[in-house]
Amino acid sequence: MSQAENTGKNIADRPKVDDVLGYTRAQDIACESANTDRRNLSRTLDELGVNGISFQGTVFNAIGEAGYTIDIDSIPDSPSSTLLSVVAVIQNAKRVSQNITSA
Amino acid sequence: MRKPTIYVLACALLGPLTSMGQAPAVKTQAAKAPVVSAAIVDSANPALIHVTFDYPLPAVKDLPAAGLWQVYERVQDSKDALPRVQKIEVEAVDTSDFAGSYTVALKMHEAVSAHAKSLEMLIVAPTYFLHLPAAILPAVKGDESSVQLVAGSSGKSDSDIYFNGSIAATEGSNPIYDVDAFAGYMEGIQRGTTNYGEVGVYGQVRTKQSQTVNPNSFQAYLVYQRLLSNGTHWHGQFQVPYGDYRIAGMESDLGGKQVNFVNSPVVTIPIRFSGKTLGPIEPGFSVPHMVLHLGTEFVDTKKSPLPATEGWHTRGLIGASFTAGYKPQEPKSLFQGLQLTSSYQLRLPSAPEIFYDPKFAQLNPATGLRVTPPMAGTEPRHFVDTTICYNFVKWVAFTFENTYGSLPPVFTKTDATFNLGLSFTLKQTSYGRYSILRP
């Protein structure tokens, strides 16, 4: 199987752009919810002085405002969680309409 | 449904020391292997891999060019198929956002496979060779193989299950034992995009003054927790506050001589000592922060050594906790971190409530032991707990603890004590219940 064939199949298997939140919007939401700029993506919530419970809820609300949804418990909110770990999870948030359709 | 992801860890990093969020000058390092925090494959465009660098930051001119990156994916097309490793070429490295986020975007010649199980990345430069942390792949529907059941924890405020046993030295008396332990679990209630809060259970054991291990404060609660607004922004130094409602709880001493039913709403207000959007901070230190707790405890004393104190009364509850610490970015031998946690609780009972004052202890001629008689009063009940935790390895720590006062249901007037001990914690992948339920 050639790489080109793989690529074609893989792209078809992937969620289409905008079906998921994606890295860029996830990054903006995580940073805004921590009230920090994007140069602190590697920092933990503890280092940023951010309360995880409030942060988790704020991220969930912001994802909802953007038209996406995610399991709130999956959003990292431990003091040792980095913003990057949050971005890595929430970039998979699914578009609301897609969720409703699949449900 | 949340997996009860439990983390094993011994004491740990409660929090941070301060750098007040002042933006330091960007320190860069030339021509040495850079530090990479994470590489994340973009879920919306799997042909993009975002690589974020950390301190010491490389200069833009020193960022590895496209030809220096080696990216390999391990693909398994189906459960039965043998995995295969294949290389993906990096077409270009977009450094345009490096100054804004310390991140570069690798534009791949083709998308990372949806069947990729892992993605390994290397930088092979003329003066160094760097193996990057495993890249984080987008979630694949139905594939939960990457869900961790056990992961690392970071201390008391970061714990859901915690145990701390220690020996206390007090002036003029024999050493006494001290047990501080709690366990909690919370589960979100969600329907689509609407979050209805979280429910959970919590238990806590605390003893301070016994010459034998005799937990004098046992508490168990059913808890409901919810953010008090649907906001997405901070208000100056304040994060969105949240409420904890202890729907039904029991407070008891170990012998069950004093048993209280408790119903308690508490509002928690997180505060960071910097209201502006935070500029870059270096690892290890952190912006000082605290939480304020304001609430009421409706108490029904079911059983008491002083029957006159039985029945309903109310306690006003005010509390605050502060956390600070330092954790070296590069853990050193015998120094993994130093943390300070301080918490204060003040309870103001509306009706006489039981307490013990060792000053009034009387000798029991039958046993030869001094016994402190129960007394009743409405005096304010203070509890101060300051802990310094020194991690000499990641999962074991010495704790030095100073406490004053005591917790319900049996308030004991004790002088300040100083403890030395070891800590051990377990946690769920979430913010520790300590931070929710113990001001």
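Because the structure is predicted, anything quoted here is derived from the model rather than measured.

Caption draft 1: A look at the sheet that holds strand 3 (residues 35–41) of chain B. Strand order across the open sheet formed by four strands is 3-4-9-8 (chain B), with antiparallel pairing between neighbours. At either end of the open sheet lies a strand with only one pairing partner, and these are strand 3 and strand 8 (90–94) of chain B. Strand-to-strand, the axes of this sheet are offset by a mean angle of 25 degrees, without reference to chain direction. Where strand 4 (residues 48–54) of chain B and strand 9 (residues 103–108) of chain B come together, five bridges link them in antiparallel fashion. Note on strand 9 of chain B: the bridge partner recorded for Leu 48 of chain B is Lys 107 of chain B. Helix-sheet contacts for helix 4 (residues 83–90) of chain A involve strand 3 and strand 4 of chain B, and the interaxial angle to strand 3 of chain B is about 10 degrees.

Caption draft 2: A look at the interface of chain B and chain A. Residue-level contacts link 63 residues of chain B with 56 residues of chain A. Sorting the residues of the side of chain B that touches chain A by element identifies strand 3, strand 4, helix 1 (98–101), strand 13 (176–191), strand 17 (259–272) and strand 18 (289–303) of chain B as the ones contributing at least two each. Classifying every residue of the side of chain B that touches chain A gives 27 nonpolar, 30 polar and six charged.

Caption draft 3: Just the environment of His 235 of chain B, in detail. All names here are of chain B. Structurally, His 235 is set in the loop between strand 15 (217–227) and strand 16 (242–252). Taking the number of C-beta atoms within 10 Å as the measure of exposure, His 235 has 11 and is therefore exposed. Taking the C-alpha atoms as reference, His 235 lies 7.8 Å from Gly 275; in sequence the two are 40 residues apart.

Caption draft 4: Structural context of the environment of Asn 40 of chain A. For Asn 40 of chain A, the position within the fold is in the loop between helix 2 (23–33) and helix 3 (52–65). When near neighbours in sequence (up to four residues on either side) are disregarded, Asn 40 of chain A contacts Leu 48 and Leu 83 of chain A together with Leu 278, Pro 280 and Ile 281 of chain B.

Caption draft 5: Representation of the confidence of the model for chain A within the structure. All names here are of chain A. Mean pLDDT for chain A: 83, with 78% of residues reaching 70 or above. pLDDT under 50 marks residues 1–12. Its contacts with residues more than four places away, or in other chains, come to 11 contacts. Here residues 99–103 is modelled with pLDDT under 50, and outside its nearest four sequence neighbours on either side it reaches three contacts, counting other chains as well.

Caption draft 6: Spatial organisation of the nonpolar core. Ala 30, Val 59, Ile 63, Val 87 and Ile 90 of chain A together with Ile 40 of chain B are the most contacted members of the largest nonpolar core, which totals 63 residues. For this core, the secondary structure elements donating two or more residues are helix 2, helix 3 and helix 4 of chain A together with strand 3, strand 4, strand 6 (69–75), strand 9 and strand 10 (116–124) of chain B. Residue contributions to this core peak at seven residues, all from helix 4 of chain A. Other than its neighbours up to four places away in sequence, Ile 90 of chain A contacts Leu 21, Ala 26, Ile 29, Ala 30, Val 59, Ile 63, Ile 70 and Ile 75 of chain A. Grouped together as the second largest cluster of nonpolar side chains are five residues, Ile 354, Phe 355, Val 410 and Phe 411 of chain B included.

Caption draft 7: Summary view of the pairing of strand 4 of chain B. All names here are of chain B. Judged by how many residues are buried, strand 4 sits mostly within the fold: six of seven residues are covered. As paired strands, strand 3 and strand 4 are joined by six bridges and run antiparallel to one another. Paired with Ala 38 across the strands is Thr 52, a residue of strand 4. Turn length for the strand 3-strand 4 hairpin, with the two strands adjacent in sequence and antiparallel, is six residues.

Caption draft 8: The sheet that holds strand 10 of chain B, seen in detail. All names here are of chain B. Reading across the sheet, the four strands line up as 7-6-10-11 and stay open at both edges, with antiparallel pairing between neighbours. The open sheet has two edge strands, strand 7 (84–88) and strand 11 (129–131), and neither has a second partner. On average, each strand axis in the sheet is tilted by 20 degrees relative to the strand beside it, whichever way the strands run. Both strand 6 and strand 7 contribute to a ladder of five bridges, which runs antiparallel. Each residue of the ladder has a partner; that of Glu 73, found in strand 7, is Gln 86.

Caption draft 9: Structural view of the packing of helix 2 of chain A against helix 4 of chain A. Residues and elements named next belong to chain A. Interhelical geometry of helix 2 versus helix 4 gives an angle of 135 degrees and a closest axis separation of 9 Å. Judged on the interaxial angle alone, helix 4 and helix 2 are oblique. Once helix 2 is placed against helix 4, the crossing between them reads as right-handed. Packed against helix 2, whose contacting residues are Tyr 23, Ala 26, Gln 27, Ile 29, Ala 30 and Cys 31, the element helix 4 presents Leu 83, Val 86, Val 87 and Ile 90 at the interface. Partitioning the contact of helix 2 with helix 4 into residue classes produces nine nonpolar, one polar and no charged.

Caption draft 10: Seen up close, the environment of Leu 340 of chain B. Residues and elements named next belong to chain B. Tracing the sequence through the fold places Leu 340 in strand 20 (residues 337–349). We classify Leu 340 as partly exposed; it has 18 C-beta atoms within 10 Å. Between the C-alpha atoms of Leu 340 and Gly 325, which are 15 residues apart in sequence, the distance is 5.7 Å. Excluding residues that lie within four positions of it along the chain, Leu 340 makes contacts with Ala 324, Gly 325 and Ile 388.

Definitions and limits used
Residues numbered from 1 in each chain as written. Chains lettered and ligands numbered in written order. Predicted model: local features only at pLDDT ≥ 70, side-chain atom pairs only at ≥ 80, totals over all residues. Pairing = 2+ DSSP bridges. Helix = DSSP H or I, 4+ residues; strand = E, 2+ residues; numbered from the N terminus. Axes fitted to C-alpha atoms, helices over the stretch in contact; angles between N-to-C directions. Contact = placed C-beta atoms within 7 Å. Nonpolar A, V, L, I, M, F, W, Y, C, P; charged D, E, K, R; others polar. Buried ≥ 20, exposed ≤ 12 C-beta atoms within 10 Å, placed from the backbone. pLDDT = per-residue confidence, 0-100. Core = buried A, V, L, I, M, F, W, Y, C linked by C-beta atoms within 7 Å. Parallel < 35°, antiparallel > 145°, perpendicular 65-115°, else oblique. Left-handed = near helix turned anticlockwise from the far one by under 90°.

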